[in-house]
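Examination of the molecular architecture
Read off the chains here:
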Amino acid sequence: MSDTTLPRLRATTTMLDTAILWPAIGQAFRKLDPRMLWHNPVMFVVEIVSVLTTILFLRDLATGGTHLGFALQINIWLWFTVLFANFAEAVAEGRGKAQAASLRRAKTETMAHRLRADGGTESIPATSLRQGDIVLVAAGEIIPSDGEVIEGVASVNEAAITGESAPVIREAGGDRSAVTGGTQVMSDIIKVRITAAPGSTFLDRMIALVEGAARQKTPNEIALNILLAGMTLIFVLAVATIPSFATYAGGSLTVLVLVALFVTLIPTTIGALLSAIGIAGMDRLVRFNVLAMSGRAVEAAGDVDTLLLDKTGTITLGNRQATAFLPVAGVDARELADAAQLSSLSDETPEGRSIVVLAKELYALRGREMAHLGAHFVAFSAQTRMSGVDLDGRQIRKGAVDSVLAHVLATSANERPVAEAVVRELRAIAERIATSGGTPLAVADGHRLLGIIHLKDIIKGGIKERFSELRRMGIRTVMITGDNPMTAAAIAAEAGVDDFLAQATPEAKLGLIRQEQGQGKLVAMCGDGTNDAPALAQADVGVAMNTGTMAAREAGNMVDLDSDPTKLIEIVEIGKQLLMTRGALTTFSIANDVAKYFAIIPAMFLAFYPQLSALNIMYLSTPQSAILSAIIFNALIIVALIPLALKGVAYRPIGAASLLRRNLLVYGVGGLAAPFVGIKVIDMLVTALGLA
Amino acid sequence: MTVIGWLQIALYCAIVVAITRPLGGFMTRVFAGERTFLSPVFGPVERGIYAMAGVDAKAEQGWIGYAVGMLVFKLVGFLALYALMRVQAMLPLNPAGQSAVPPDLAYNTAVSFLTNTNWQNYGGESTMSDLVQMAGLAVQNFMSAAAGIAIAVAFVRGFARRSARHIGNFWVDLTRITLYVLLPICVVMTLAFVWQGMPQTLGAYVDAATLEGARQTVALGPVASQEAIKMLGTNGGGFFNANSAHPFENPTALTNLIQMVAIFTLGAALTNMFGRMVGSERQGWAVFTAMGLLFLVGVGVLYWSESQANPALVALGMDPSMGNMEGKELRFGIPASAMFATVTTDASCGAVNAMHESFLPLGGMVPMINMMLGEIIFGGVGSGLYGFLLFAIVAVFVAGLMVGRTPEYLGKKIEAREVKMTMLAILCLPLVMLGFTALALVLPGPPAAISASGPHGFSEALYAYVSTAANNGSAFAGLSANTPYWNTSLGISMMIGRFFVIIPALAIAGSMAAKKTVPPSSGTFPTDGALFVGLVVGVILIMGGLTFFPALALGPVVEHYAMHAGTLF
């Protein structure tokens, strides 16, 4: 298996892809099986009445009834109505199936090297691995199942899952210990403890999810189905009582005409497309490289009131950057920059590199090669909280202000004590930087305090606009950061978030979520570490990063395969889009009924109440063509709306009131008007072709 | 249509608007148990009633407890009223010597007054003793109205409360509405009616000599007191057979105006109470506006229809500028009759001051549509509000999705359970209205009660079930429904129309109260603006229209076209 041929999950598949269309047509017929169809009450009812009219038609055919051609056409279009609904669902599922097929290729039969109790290894098929087994995976081998690295470090190609071919580092301990079955170790050897039971690995679940096999109706979908079933019952009453009324009026009606009226009245459009909308919503997420573990989570995403966003990586670029050198009195800024640059030459952290770059930009100080200078680099450690360089007897140090001060005061105490005024000045500069949201780094050369490097969080471009967009959507953003409240407040103000949680601990995060939920709000967050797991589980939408730990991935209800925390915003939009599409098509479907009444009622009663031809406001040519046109329109509108159901109604962050006004105009008023035009056009065609 | 006619309608609207806010505020305080200016008078009475009945005013009930309380109260009320009618001949205060009411009619009448319908398959002056009128029918006029309002208050509490298990105490709500709202207003109204010449006596019927010298018995009784609660409680059961068209029940144009105002008073005030209880009066005004728009459409169509003359009469040489005066009282004229017919069917009153059967076809269709929609245009006291809110739930559920959130109304998520209960409540009306009409028409016996032919005869039967299921009680006339079949089926229709809406409504109140309230944001669908009003009106018209379109086409619509083609039925 070569990883370069693996298609990315978000590979574009269009609706017109023949690879999806042809199987979908076959599926549409297979889905006529009542055992499958009864999950969809509206279409199930249509199928039942279609069977009924077909039997009546066959009887008439045998006994030589009248209007057989008309009856045949109505029958055909009734069946088409059901088939079109099945087709819509099959197309939606087809897109997932294509993706599942590519995932299955990653699930090739691999052999695992299981560690025996005696220390040796044995080769067994991956499928017989149990939880708790320990396996060795060497470079070039496929990791046999989900697990946790307990020893070693390796680069792993996760393209099979994420579509991203650049390898990632996986190592024992910490937040990067999870490995996924089906991914490939590129270098080194690791010892992995298996955490997934056979058949329920991440890959298995992904396949089930994209295929729609694990799809369950979401809460809102269930509620909508109840509404549609209720409306169907109302129309059963409205239509089933007509024969009695007609008999009283001295007329009679055929079952076929009553069925035609009934089928056009019940909400077939939304009934046909409802499950396709749901599947397409999940699919949009998948193509966005986000896996929702349940449809419920997607729905909840649309409802989110509060977004908890980690500062680092989401609001700010991952790293701080040096923006200024602030020397204490009596020190030249150039000297400070020079010392800062020297101390950072071997500092490969982004902060360190930014100091080198800034010194070059401001004072044209060029980076020097450490080896040439014969310098000795002192690495940063959590104990000293400093780094630096020893060079020509000079000891240059940079680091947290307190640490550098403590270092200088301790080493200089016996010789020349540092002037109190210099310390005070240094602290004042540091304080000023901290208040503005920056991070001060003190620089000392031996016993001399030189000054401060101003490190600043760089707010991502466009993020502020994004937050004001969210505010218009009615969503509150809360920034989560480990910074102190002062720094946090400054960054929060600059980024335009509504609130922040500073010095956030996992407990504080969990507390904040509970507090928001206590007010009735829905909360979304993302996280990757094991200590994020409780908060991820508590949040209504918890997006775990794929790079995260197993614990985090288990706790969240979505997994972002790209591990990009900014995606939370898009996830919310996809959720909203799903709900909007459902509402728009329901409204459209119900509004359609008005025109259908005006088509069928006059046609139906014309034989005994010719006065009602006044209601034929569309001037449809004959009663037969009117009824036929209505039922053809009813079937074709399903096909016409499949692309919309799959693509979704466009979401615009313009506030609920304007959004509703816009959608009501398009789908409500449009839904009232469209069938008047559509039925008239079909009637003209039907008449021209001499079909009725 | 005349300027004076429209001014009458405008004056009426202005009075209703003016009453809404102060009375709504007063009722809010009453239901919260707060002190009002009536507390010094009724406070001790209220506490005395609780002490006697053993009710703990502080103990609240869940929705099931509330519903059981209401049902028990209704059952006891039914048995008492039924018994009273059956034995009235043996009891005092029977000046006209009325005999016992037959069982099927007594059952029909008891159900009718219990459910706030007041469908009358009898003529009051020729059937009921003064004792039955006062101690039976008038008592139920108070109690059915009070129970309706209590349900509405409990329903609104479901929206107003958060994470709560209780929706109020039925007995306390019932007592408070009767003491603080119904009784005081009725006393004032009764005095006004007596001043306008309405009889209020326990004396015997009077014999009068007519101009031709014949002797005529003039029926009298405690009319004014009965009339007040008949209107205020949207009951509509007349003291006399001719109801508010009778000169003793509605003697002057002023009493006519008071009666119409009384019908809408509590329904309108309840919208304001609703707004206050959920924390925003604007929410109440949105509901008020939607109801008001539907009222104006109805009254406009009806007034226009009745201002036309019947083409058949015009052909005989009648002056078409007279409009259609058939079945109308001269002292009210066309605008006041059109308005009365709209008001009485918008609300579930059912009092009539003109014969609805004599309206032109489209005019007669307006009361029918009003009732088919479920009488939610201010509506029956209480039932109008919760009936309207059920439609609001449907509207918000369908269209609310289009803002990209799962639907919520007043901060409460609308989920499967609420949708199920709402659909149950909405479904029961077409079930009864259409189902029972269809049944009556195909059975061999019942159609004999229909007097007219063709579509008009169909309308008579349809109107009867529509009126009873909606708990209106007005009759299209022309239907001789005092037979065992009609008495029984209309009785069932009234019960389904009442209780199959109340019980789901209380269930919704229970589950809503238990929910958290989502605070509104710019992402939530605003339910206090023009958009919401338009949406709900649209949903009500489309849902109602779609359900009843075929029936209406075969009744008034075809009759309308036939009339203009020269055929009358």
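An unreviewed UniProt entry lists chain B under the name Potassium-transporting ATPase potassium-binding subunit, from Limobrevibacterium gyesilva. Among the UniProt annotations of chain B, the heading Subunit (unreviewed entry) holds the following wording: "The system is composed of three essential subunits: KdpA, KdpB and KdpC." For chain B, the Function (unreviewed entry) comment in UniProt is given as "Part of the high-affinity ATP-driven potassium transport (or Kdp) system, which catalyzes the hydrolysis of ATP coupled with the electrogenic transport of potassium into the cytoplasm. This subunit binds the extracellular potassium ions and delivers the ions to the membrane domain of KdpB through an intramembrane tunnel."

What follows is about the overall build of chain B. Regarding its fold elements, chain B presents 18 helices and four strands. At 23 Å, chain B has a C-alpha radius of gyration in line with the 25 Å of a compact globule built from 569 residues. The principal-axis extents of the C-alpha atoms in chain B amount to approximately 70 × 55 × 50 Å. Counting all 569 residues of chain B, 64% fall into the buried class. Within chain B, counting contacts between residues at least 6 apart in sequence, those at least 24 apart form 79% of the total. Just so you have it, chain B exposes about 18500 Å², and 68% of that area is on carbon and sulfur atoms. For chain B, the separation between the mean place of its 26 positive charges and that of its 26 negative charges on side chains is 17 Å.

Further remarks concern the overall build of chain A. On a plain count of helices and strands, chain A comes out with 25 helices and 22 strands. In terms of overall dimensions, chain A is more spread out than a globule: its C-alpha atoms have a radius of gyration of 34 Å, far above the 26 Å expected for 692 residues. A burial count over chain A gives 54% of its 692 residues as buried. Across chain A, the fraction of contacts at a sequence separation of at least 24, relative to all contacts at a separation of at least 6, is 70%. Per element, the accessible surface of chain A, about 27200 Å² overall, is 60% carbon and sulfur. Here chain A contributes 60 positively and 64 negatively charged side chains, and the mean placements of these two sets differ by 5 Å.

Between chain B and chain A, the residue contacts involve 58 residues of the former and 65 residues of the latter. Summed over both partners, the interface of chain B with chain A buries about 5100 Å², with 78% contributed by carbon and sulfur atoms. When residues of chain B are sorted by the area they lose upon contact with chain A, M402, L546 and L554 of chain B head the list and together hold 15% of the total. At the surface where chain B touches chain A, the tally comes to two salt bridges. Where K413 of chain B meets D303 of chain A, a salt bridge forms, and the shortest distance between an N and an O atom there is 3.3 Å. Here chain B is connected to chain A by 15 residue pairs in polar contact (both at pLDDT 80 or more). Contributions of two or more residues to the side of chain B that touches chain A are made by α14 (383-400), α15 (416-442), α16 (454-469) and α18 (530-564) of chain B. Of all the elements, α18 of chain B adds the most residues to the side of chain B that touches chain A, at 15 residues.

Applying the stated criterion to the full structure yields 35 aromatic pairs over all chains. When the ring of Y597 of chain A is compared with that of F549 of chain B, the centres are 4.7 Å apart and the planes differ by 15 degrees; the resulting orientation is stacked. Taken together, the residues span two chains, with Y597 of chain A in helix α23 (residues 567-605) and F549 of chain B in helix α18. Three or more aromatic residues joined by ring pairs make a cluster, and in this case those are Y12, F264, W285, F288, F295 and F378 of chain B. Geometry around F202 of chain A places R553 of chain A over its ring, the cationic atom sitting 4.8 Å from the centre.

Attention now moves to the domain arrangement of chain B. Residues and elements named next belong to chain B. Looking at the assigned domains, one finds that chain B contains domain 1 (3-278) and domain 2 (283-564). Taken together, the 76 residues of domain 1 in the interface contact 80 residues of domain 2. Together domain 1 and domain 2 conceal approximately 6200 Å² of surface at their shared face, both sides included; 75% is due to carbon and sulfur atoms. Area buried by domain 1 at its contact with domain 2 is led by W119, F155 and F159, which between them contribute 13% of it. Where domain 1 touches domain 2, the interface holds zero salt bridges. Inspection of the region where domain 1 meets domain 2 yields 25 residue pairs in polar contact (both at pLDDT 80 or more).

Moving on, we get to the sheet that holds strand β21 (residues 541-545) of chain A. Residue and element names in this part refer to chain A. Taking strand neighbours across the sheet as the criterion, the seven strands line up as β10-β22-β21-β20-β11-β18-β19 in an open arrangement whose pairing is mixed. With partners counted over all chains shown, the strands left at the sheet margins are β10 (290-292) and β19 (499-501), one partner each. This sheet shows a mean twist of 20 degrees between the axes of neighbouring strands, independent of strand direction. Here three bridges tie strand β11 (residues 306-310) to strand β20 (residues 523-527), and the two strands are oriented parallel to one another. Looking across to β20, one finds that L308 is bridged to M525. Docked against the sheet, helix α19 (residues 485-495) engages β18 (476-480) and β19, running at close to 150 degrees with respect to β19. Packed onto the sheet, α23 meets β10, β11, β20, β21 and β22 (558-560) and runs at close to 155 degrees relative to β11.

Next up on the list: the packing of helix α25 (residues 656-688) of chain A against α18 of chain B. For the pair α25 of chain A and α18 of chain B, interaxial distance at closest approach is 11 Å and the crossing angle is 25 degrees. Taken together, α25 of chain A and α18 of chain B sit at an angle that is classed as roughly parallel. In this structure, α25 of chain A meets α18 of chain B at a crossing whose hand is left-handed. Contacts between α25 of chain A and α18 of chain B involve A657, L660, R661, L664 and L672 of chain A on the former and, on the latter, L531, L535 and I542 of chain B. Along the lines of polarity and charge, the residues of the contact of α25 of chain A with α18 of chain B split into seven nonpolar, no polar and one charged.

Moving on to a nonpolar patch on the surface. Judged by side-chain polarity, V677, V681, L685, L689 and L691 of chain A come together as a nonpolar surface patch covering roughly 470 Å² of accessible area. Residue position: V681 of chain A is located in helix α25.

The next subject is helix α20 (residues 506-518) of chain A. Residues and elements named next belong to chain A. The terminal C-alpha atoms of α20 lie 18 Å apart, and with 13 residues this matches the ideal 18 Å at 1.5 Å per residue to within 8%. Within the span of α20, buried status applies to K509, L510, L512, I513, E516 and Q517. Buried residues in α20, looked at end-on, bunch into an arc of 160 degrees, giving them a common side. Opposite its buried face, α20 presents the exposed residues E507 and G518, each directed more than 90 degrees away. Looking at the buried positions of α20, the neighbouring elements they touch are β11, β18, β19, β20 and α21 (533-538). Looking at the residues trailing α20, positive phi occurs at G520, about 90 degrees.

A separate point is the nonpolar core. M27 and Y409 of chain B are the most contacted members of the largest nonpolar core, which has 330 residues in total. Counting residues per element, this core draws most heavily on α23 of chain A, which supplies 20 residues. Here this core gathers at least three residues from each of two domains, domain 1 (3-278) and domain 2 (283-564) of chain B. L345, V401, L405 and I433 of chain A belong to the second largest nonpolar core, which has 38 residues in total.

The final tally for this structure, using the stated rule, is 47 salt bridges over all chains. Residues E516 of chain A and R476 of chain A are paired through a salt bridge, measuring 2.5 Å at the closest nitrogen-oxygen approach. With a gap of 40 residues between them, E516 of chain A in helix α20 and R476 of chain A in strand β18 connect regions that are remote in the sequence. Look at E516 of chain A and you get buried, because its relative accessible area is 3%. By sharing partners, the salt bridges in this structure join D303 and D305 of chain A together with R405, E408 and K413 of chain B into a single network.

The next subject is the sheet that holds strand β3 (residues 134-137) of chain A. Residues and elements named next belong to chain A. As summarised here, the arrangement of the six strands in space is β2-β1-β3-β9-β4-β7, forming an open sheet in which the pairing is antiparallel. In the strand order of this sheet, the two ends are held by β2 (121-125) and β7 (178-179), each with one partner. One ladder, built from two bridges, connects strand β1 (residues 111-115) with β3; its direction is antiparallel. Looking across to β3, one finds that H113 is bridged to L136.

On to the side chain of D283 of chain A. With respect to the element layout, D283 of chain A can be found in helix α10 (residues 268-287). Setting aside residues no more than four positions away along its own chain, D283 of chain A makes contact with R95, G96 and Q99 of chain A.

Summarising the model, chain B shows a mean pLDDT of 93, and 100% of its residues fall at 70 or more. In the predicted assembly, ipTM is 0.93 and pTM is 0.88.

Next up on the list: the packing of helix α16 (residues 401-412) of chain A against helix α17 (residues 420-435) of chain A. Think of two packed helices as two axes; the pair is described by the angle between the axes and how far apart they sit. Residue and element names in this part refer to chain A. Across the interface, α16 lies against α17 with an axial gap of 11 Å and an inter-helix angle of 170 degrees. If you check the angle between α16 and α17, you find them roughly antiparallel. In contact with V401, D402 and L405 of α16, α17 contributes V423, L426, R427 and A430.

Reading the values: the criteria
- Residues numbered from 1 in each chain as written.
- Chains lettered and ligands numbered in written order.
- Predicted model: local features only at pLDDT ≥ 70, side-chain atom pairs only at ≥ 80, totals over all residues.
- Heavy atoms only, no water.
- UniProt positions renumbered as here; feature names shortened; annotations may be inferred.
- Helix = DSSP H or I, 4+ residues; strand = E, 2+ residues; numbered from the N terminus.
- Rg over C-alpha atoms; globule rule 2.2 N^0.38 Å.
- Buried < 20%, exposed > 50% of the residue type's maximum accessible area, 1.4 Å probe, protein only.
- Contact = heavy atoms within 4.5 Å.
- Areas by Shrake-Rupley, 256 points an atom, 1.4 Å probe, with all protein chains shown as cover.
- Lys, Arg positive; Asp, Glu negative; His and termini not counted.
- Charge placed at Lys NZ, Arg CZ, Asp CG, Glu CD.
- Buried area = accessible area lost by both parts, 1.4 Å probe.
- Salt bridge = Lys/Arg side-chain N within 4 Å of Asp/Glu carboxyl O.
- Polar contact = N/O pair within 3.5 Å; in protein donor to acceptor, adjacent residues only side chain to side chain.
- Phe/Tyr/Trp six-rings, centres within 6.5 Å; stacked < 30°, edge-to-face > 60°.
- Lys NZ or Arg CZ within 6 Å of the ring centre and 35° of its normal.
- Domains from an automatic or database assignment.
- Pairing = 2+ DSSP bridges.
- Axes fitted to C-alpha atoms, helices over the stretch in contact; angles between N-to-C directions.
- Parallel < 35°, antiparallel > 145°, perpendicular 65-115°, else oblique.
- Left-handed = near helix turned anticlockwise from the far one by under 90°.
- Nonpolar A, V, L, I, M, F, W, Y, C, P; charged D, E, K, R; others polar.
- Patch = residues over 30% accessible without salt bridge, like charges linked within 9 Å, V, L, I, M, F, W, Y side chains within 5 Å.
- Expected span 1.5 Å × (residues − 1).
- Arc of directions from axis to C-beta.
- Core = buried A, V, L, I, M, F, W, Y, C linked by side-chain atoms within 4.5 Å.
- pLDDT = per-residue confidence, 0-100.

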